[in-house]
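Topology and contacts: notes
Chain by chain, the residues run as shown.
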Amino acid sequence: MSAAEEVACRQLETQGYTVLEGLLEEEEAARLDARARELMADRSGYAKLEGALNFIPALAPLCMHPAVLRIAGRFLGAPFYLVNNVCMMWCQPGAPGGRLHADWPLGDVPRPYPPWPLLLQTMWMLTDFTAENGATRLVPGTHRSGQPPPSTPVEGEVAATGRRGAVLIWHGATWHRNGPNTTPDQHRMGANAAYIPRFVHRPELWPRVRREIYQRLPEPLQKLLERSVEPVG
Ligand SMILES: O=C(O)CCC(=O)C(=O)O
């Protein structure tokens, strides 16, 4: 693991999230952003495209980026899996902020939640993420609370900002939401890929990868998706 990855792991342990800059070429991030926008018709403010690997196979290198896999291995043990295919999350100008939450599968888990992650989340920044354009907001340290967020306002939220090509990684128990996009004209596009340890498995919840797409993916990514591919026939 590189020194930057060690720092990222420490931040994940203490704050529940970290941002690694410059993992993806800015030009490639811009291409993926443009492709996602072409495919997404929803202009309602905060739009999602689930199962995006089926439509944008060029997302594959993000899902199996070696730095992300090393960090995921540290927190999830081996083997771990990619669960949600990939979900594009587009925060359009004027989009309202989301509701603070902890991630699946914690809604089904007795409290206090375990300290180790049942889900490790990544959000690839395909545009710059700024405090104004809807960068994901997180409440540092809340992954250690063992609880979901209260319904009352919470102090100490931080916007996870970064340049196009950075990746935000968070422990699924860290309270978070998309920030509001208060700009008139700046878009925020993220590609979300989530990893689970072997003992967490609910394939019926996630968009399966189409078999013809799966067969063309590199072998390491096929392994990460082997429980998420469409059945034969
Ligand atoms: O789009 C965002 O910044 C937030 C995403 C989110 O809340 C989630 O993936 O659980």
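Attention in this report is confined to the structure presented alongside it. (Residues numbered from 1 in each chain as written. Predicted model: local features only at pLDDT ≥ 70, side-chain atom pairs only at ≥ 80, totals over all residues. Heavy atoms only, no water.)

1. A look at the sheet that holds strand 6 (residues 136-138)
A sheet is described by the order of its strands in space; here three strands give the open sequence 7-6-9, paired in antiparallel fashion. Taken across any chain shown, the strands that pair with only one partner, and hence form the sheet edges, are strand 7 (158-159) and strand 9 (176-178). Bridge count for strand 6 against strand 9 is three bridges, and the pairing is antiparallel. Directly across from Leu138, in strand 9, lies its bridge partner His176. (Pairing = 2+ DSSP bridges. Helix = DSSP H or I, 4+ residues; strand = E, 2+ residues; numbered from the N terminus.)

2. A short note on the site of the ligand
Around the ligand sit Tyr46, Met89, His101, Asp103, Gln121, Met123, Thr136, Trp170, His176, Arg177, Asn178 and Arg188, and that is every residue in its neighbourhood. Separating an oxygen atom of the ligand from a side-chain N or O atom of Tyr46 is a distance of 2.4 Å. One nitrogen or oxygen atom from the side chain of Asp103 is found 2.9 Å from an oxygen atom belonging to the ligand. A total of 300 Å² of accessible area belongs to the ligand in isolation, and the protein chains cover 93% of it. (Near = heavy atom within 4 Å. Polar contact = N/O pair within 3.5 Å; in protein donor to acceptor, adjacent residues only side chain to side chain. Areas by Shrake-Rupley, 256 points an atom, 1.4 Å probe, with all protein chains shown as cover.)

3. Focus on helix 4 (residues 66-76)
Two residues of an α-helix separated by three or four positions point the same way, owing to the 3.6 residues in each turn. Of all the residues in helix 4, the buried ones are Ala67, Val68, Ile71, Ala72, Phe75 and Leu76. One side of helix 4 carries all its buried residues, which in axial view fall inside an arc of 140°. Against the buried residues of helix 4 lie helix 1 (3-14), strand 1 (17-20), strand 3 (80-82), strand 5 (120-125), strand 8 (167-171) and strand 10 (188-197). At the exit of helix 4 stands Gly77, carrying a positive phi of roughly 75°. (Buried < 20%, exposed > 50% of the residue type's maximum accessible area, 1.4 Å probe, protein only. Arc of directions from axis to C-beta. Contact = heavy atoms within 4.5 Å.)

4. Points about the packing of aromatic side chains
This structure, assessed with the given rule, holds two aromatic pairs. Taking 6.0 Å as the distance between ring centres and 75° as the angle between the ring planes, the aromatic pair formed by Phe80 and Tyr195 counts as edge-to-face. Remark: Tyr195 occurs in strand 10 and Phe80 occurs in strand 3; sequence separation between them is 115 residues. Lying over the aromatic face of Tyr81, Arg227 brings its terminal NZ or CZ to 3.9 Å of the ring centre. (Phe/Tyr/Trp six-rings, centres within 6.5 Å; stacked < 30°, edge-to-face > 60°. Lys NZ or Arg CZ within 6 Å of the ring centre and 35° of its normal.)

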